[in-house]
Amino acid sequence: MSVVVRFAPSPTGYLHIGGARTALFNWLFARSKGGKFLLRIEDTDRARSTDDAIEKIFEGLRWLGLDWDGEPVFQFARAARHADIAQMLMSEGKAYHCWSTQEELEAMRAKARAEGRQPRYDGTWRDRDPALAPKDVKPVVRLRAPQTGETTVHDMVQGEVTVPNAQLDDMVLLRGDGTPTYMLSVVVDDADMGITHVIRGDDHLTNTFRQVQLYRAMGVEPPVFGHIPLIHGPDGAKLSKRHGALGIEAYRDMGMLPEAMRNYLMRLGWSHGDADVISTEQAVQWFDMSQVGRSPSRFDMQKLTSLNAHWLRERSEEDLIGMIEPLIQAEGFSLDATGHRRLAAGMAGLKARCRTLNELAEAAAFYVEPRPIRIANDAVKILDEAARQRLAAIAPKLADVEEWSEAALEAACRQHAEQVGVGFGKLAQPLRVALTGSTVSPGLFEVMAVLGKDEVVARLDDAAQGRNGEKKARQ
RNA sequence: GUCCCCAUCGUCUAGAGGCCUAGGACUCCACCCUUUCAAGGUGGCGACACGGGUUCGAAUCCCGUUGGGGAUGCCA
């Protein structure tokens, strides 16, 4: 039997980190088994579902590289089908009308709680004559669930979990206005879509017992379930906005790479021995639900960032230039042929020092900005009177260097330092600041080689004369 | 309250009775490299929640305690 899984978010907000991880696990499972990964938008809550959220979810999944098979299914469009199933269950006596009001329900729950029992609907209308129904209440349809015995779920992650049926009540299938509830819609859709494995957050585990009862009532074999542990915030509580639980696009905007995001997310709850740095291709080969743990994990930005640094270095120079170009433009610089050539030449030195695309764009700016370049606030003090004199002195020496190579430049600089009797360190930092505008940069001679003689001499002159570009956001 | 789940370094985790004086990764610290910062290399700090069993032997199995989480909707 071939595997069919789905990711079924409700479009009431952005694609958050937990949803992204659930989608990833489903995707990994499908791809590793040669199965299908379907997408279903659970938009049955009309008040909270928005088109904007739907678009955000598509965007998020596409950015993450989680391609789905076929067209997305919109759950609300299938409401009539869901209602039909409810009617069928009614006609078979497996479901019934219930006229209990919200107030009555609340009273039932309060009573049960007060008596130390599980709060639940007490089955008032389960066997009562519908002729007794109040005229001013629109009835809901409830499942006639078994009241004795127990329901067991064989979960790929949680193992065998059993709950007494007395603990479960007769769930609502159709609301008073005739629209289907989540419980009904999910089960009907999963059945109709031929879903073989339901992989979702642990918070759905208790729903599963009820859903299994519904499958039984419908005469359909339930899929295999796999409830993956939730992701918590740094304080151990359920990840929420308070923790900065952001949409996946926020991580993109921080300069994270999708492959880094996948790598980080797949390791939350899943492992393959010692492996930490795992490519997506490797994960598809290795992914195995039996290696999914049962305990929740916490979101750790530092580890994500560290993984991002790794995957950043794996990217080609051209890829990275393409990705930071918009960021560089946002800083107010354009990328002309010279700038592009410099970035291509200097990217290896740049990317080893950066952990995110945003850092990379910032670190790369000095290669493309026009003279006089900006000098960062904390770098200005390096260019004191003595330093400026040294720069003025070395500029002509560099102008005389014939072979503009890193080795020749280093030789020239060291020779000059020796001649004027200063340690090379005294010379290096002013040079760095003059050429890059910062106290931190790739290797000095690499920078010189990339910039070219004319630009280097001109920047040294700028610095010697105290010319400083407009200070923007840089510091 | 009730039901369900969970419990190894600060964090992510390896570990499926002896290979464990518990391994890796992130973080932190030190050293090496070095023109800065990274990267890289080497080393260090750092955990089996607690209490009972079972067993020749338990991080691994069982029970309890404690702690955490989830669910308890005519939301999904």
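Residues numbered from 1 in each chain as written. Chains lettered and ligands numbered in written order. Predicted model: local features only at pLDDT ≥ 70, side-chain atom pairs only at ≥ 80, totals over all residues. Heavy atoms only, no water.

## A closer look at the overall build of chain A
In step 1: The helix and strand tally for chain A stands at 19 helices and 12 strands.
In step 2: By the compact-globule yardstick of 23 Å for 475 residues, chain A is too spread out, its C-alpha radius of gyration being 32 Å.
In step 3: Residue pairs at least 24 apart in sequence account for 75% of intrachain contacts in chain A once pairs closer than 6 positions are excluded.
In step 4: Accessible surface, chain A: about 21900 Å² in total, of which carbon and sulfur atoms supply 49%.
In step 5: Taking the 59 positively charged and 66 negatively charged side chains of chain A as two groups, their mean positions are separated by 3 Å. (Helix = DSSP H or I, 4+ residues; strand = E, 2+ residues; numbered from the N terminus. Rg over C-alpha atoms; globule rule 2.2 N^0.38 Å. Contact = heavy atoms within 4.5 Å. Areas by Shrake-Rupley, 256 points an atom, 1.4 Å probe, with all protein chains shown as cover. Lys, Arg positive; Asp, Glu negative; His and termini not counted. Charge placed at Lys NZ, Arg CZ, Asp CG, Glu CD.)

## Concerning the sheet that holds strand β1 (residues 4-7)
In step 1: Reading across from one edge, β1-β2-β3 is the order of the 3 strands in this open sheet, with parallel pairing throughout. Every other strand in the sheet has two partners, leaving β1 and β3 (73-74) as the edge strands with one partner each.
In step 2: The pairing of β1 with strand β2 (residues 36-41) spans 4 bridges and is parallel. Bridge pairing in β2 links R6 to L38.
In step 3: Sitting on the sheet, helix α2 (residues 51-64) touches β1, β2 and β3, and the angle it makes with β2 is about 160°. (Pairing = 2+ DSSP bridges. Axes fitted to C-alpha atoms, helices over the stretch in contact; angles between N-to-C directions.)

## Considerations on the packing of aromatic side chains
In step 1: According to the stated counting rule, one finds 8 aromatic pairs in the structure shown.
In step 2: Their ring planes at 40° and their centres at 5.4 Å tell us that W270 and F287 sit as a pair that is tilted. You can see W270 sitting in the loop between α8 (258-266) and α9 (280-286) and its partner F287 sitting in the loop between α9 and β12 (297-298), a full 17 residues away along the chain. Across this residue pair, the class does not change: W270 and F287 are buried.
In step 3: Put simply, the rings of F25, W270 and F287 touch in pairs and so form one group of aromatic residues.
In step 4: Stacked on the ring of F76, the Lys or Arg R46 has its end atom at 3.8 Å from the ring centre.
In step 5: Positioned above the aromatic ring of F424 is the side chain of R414, whose terminal nitrogen or guanidinium carbon lies 4.5 Å from the ring centre. (Phe/Tyr/Trp six-rings, centres within 6.5 Å; stacked < 30°, edge-to-face > 60°. Buried < 20%, exposed > 50% of the residue type's maximum accessible area, 1.4 Å probe, protein only. Lys NZ or Arg CZ within 6 Å of the ring centre and 35° of its normal.)

## Let's talk about the protein's contact with RNA strand B
In step 1: Within the structure, RNA strand B sits among 63 residues, and P119, R175, G269, R353 and R432 are positioned closest to it.
In step 2: Note that a base nitrogen of RNA strand B is positioned 2.6 Å from one of the backbone N or O atoms of S441.
In step 3: Elements represented by at least two residues in the surface near RNA strand B include exactly α4 (102-114), β7 (159-164), α6 (205-218), β12, α10 (301-314), α17 (424-436) and α18 (444-451).
In step 4: The residue makeup of the surface near RNA strand B, split by class, is 17 nonpolar, 26 polar and 20 charged. (Near = heavy atom within 4 Å. Polar contact = N/O pair within 3.5 Å; in protein donor to acceptor, adjacent residues only side chain to side chain. Nonpolar A, V, L, I, M, F, W, Y, C, P; charged D, E, K, R; others polar.)

## Here's the deal with the pairing of β7
In step 1: Pairing analysis gives 6 bridges linking strand β6 (residues 150-155) to β7, with the strands arranged antiparallel. From the neighbouring strand, D155 faces β7, where its bridge partner is G159.
In step 2: Counted between consecutive antiparallel strands, the loop separating β6 from β7 contains 3 residues.

## Comments concerning the side chain of S297
In step 1: With respect to the helices and strands, S297 occurs in strand β12.
In step 2: Look at S297 and you get buried, because its relative accessible area is 15%.
In step 3: Not counting residues within four places of it along the chain, the set of residues in contact with S297 comprises L230, I231, H232, L268 and G269.

## Points about the pattern of salt bridges
In step 1: Considering all chains together, one arrives at 35 salt bridges under this definition.
In step 2: Of the charged contacts, one joins K94 and E92 as a salt bridge, the two residues approaching to 3.2 Å between their closest N and O atoms.
In step 3: On the basis of relative accessibility, which here comes to 31%, the residue K94 falls in the partly exposed class.
In step 4: Here D461 makes a salt bridge to R467, at a shortest N to O gap of 3.0 Å.
In step 5: What makes D461 partly exposed here is its relative accessible area of 37%.
In step 6: The network of salt bridges with shared partners includes R6, R40, E42, R78, R81, D189, D190 and D192. (Salt bridge = Lys/Arg side-chain N within 4 Å of Asp/Glu carboxyl O.)

## Digging into the environment of T44
In step 1: Mapped onto the elements of the fold, T44 is located in the loop between β2 and α2.
In step 2: Residue classification places T44 among the buried positions, given a relative accessible area of 13%.
In step 3: For the pair T44 and L320, spaced 276 residues apart in the sequence, the C-alpha separation amounts to 41 Å.
In step 4: In contact with T44, other than residues within four places in its own chain, are S49, Q75, F76, R175 and S185.

## Re the sheet that holds strand β4 (residues 95-98)
In step 1: Strand order in the open sheet made by the 3 strands is β4-β5-β8, with antiparallel pairing throughout. Two strands close off the open sheet at either side, each with one partner strand: β4 and β8 (172-174). For this sheet, the mean inter-axis angle between neighbouring strands, taken without regard to orientation, is 45°.
In step 2: Taken together, the 2 bridges between strand β5 (residues 140-143) and β8 define a ladder with antiparallel strand orientation. Paired with R142 across the strands is V172, a residue of β8.

## Concerning the environment of G34
In step 1: With respect to the helices and strands, G34 occurs in the loop between α1 (17-33) and β2.
In step 2: Classification of G34 as exposed rests on a relative accessible area of 63%.

## A few points about the nonpolar core
In step 1: Core analysis: the largest hydrophobic core is formed by 53 residues, its most contacted members being I324, L343, Y367, L398, L431, M448 and L460.
In step 2: The dominant element in this core, judged by the number of residues it contributes, is helix α13 (residues 357-368), at 8 residues.
In step 3: Those residues in contact with L460 that lie beyond four places of it in its chain are L391, I394, A395, L398, L431, A434 and L435.
In step 4: Counting 47 residues, the second-largest nonpolar core is a separate cluster that includes V3, F7, W68 and V292. (Core = buried A, V, L, I, M, F, W, Y, C linked by side-chain atoms within 4.5 Å.)

## A closer look at the confidence of the model for chain A
In step 1: For chain A, the mean per-residue pLDDT works out to 93, and 97% of the residues sit at or above 70.
In step 2: The ipTM for the predicted assembly is 0.95, set against a pTM of 0.94. (pLDDT = per-residue confidence, 0-100.)

## What to know about the side chain of E42
In step 1: Looking at the element boundaries, E42 is found in the loop between β2 and α2.
In step 2: At a separation of 2.8 Å, a polar atom in the side chain of E42 contacts the side chain of R40.
In step 3: Once residues within four sequence positions are removed from consideration, E42 is found in contact with A8, P9, S10, P11, S49, Q75, Y182 and V186.

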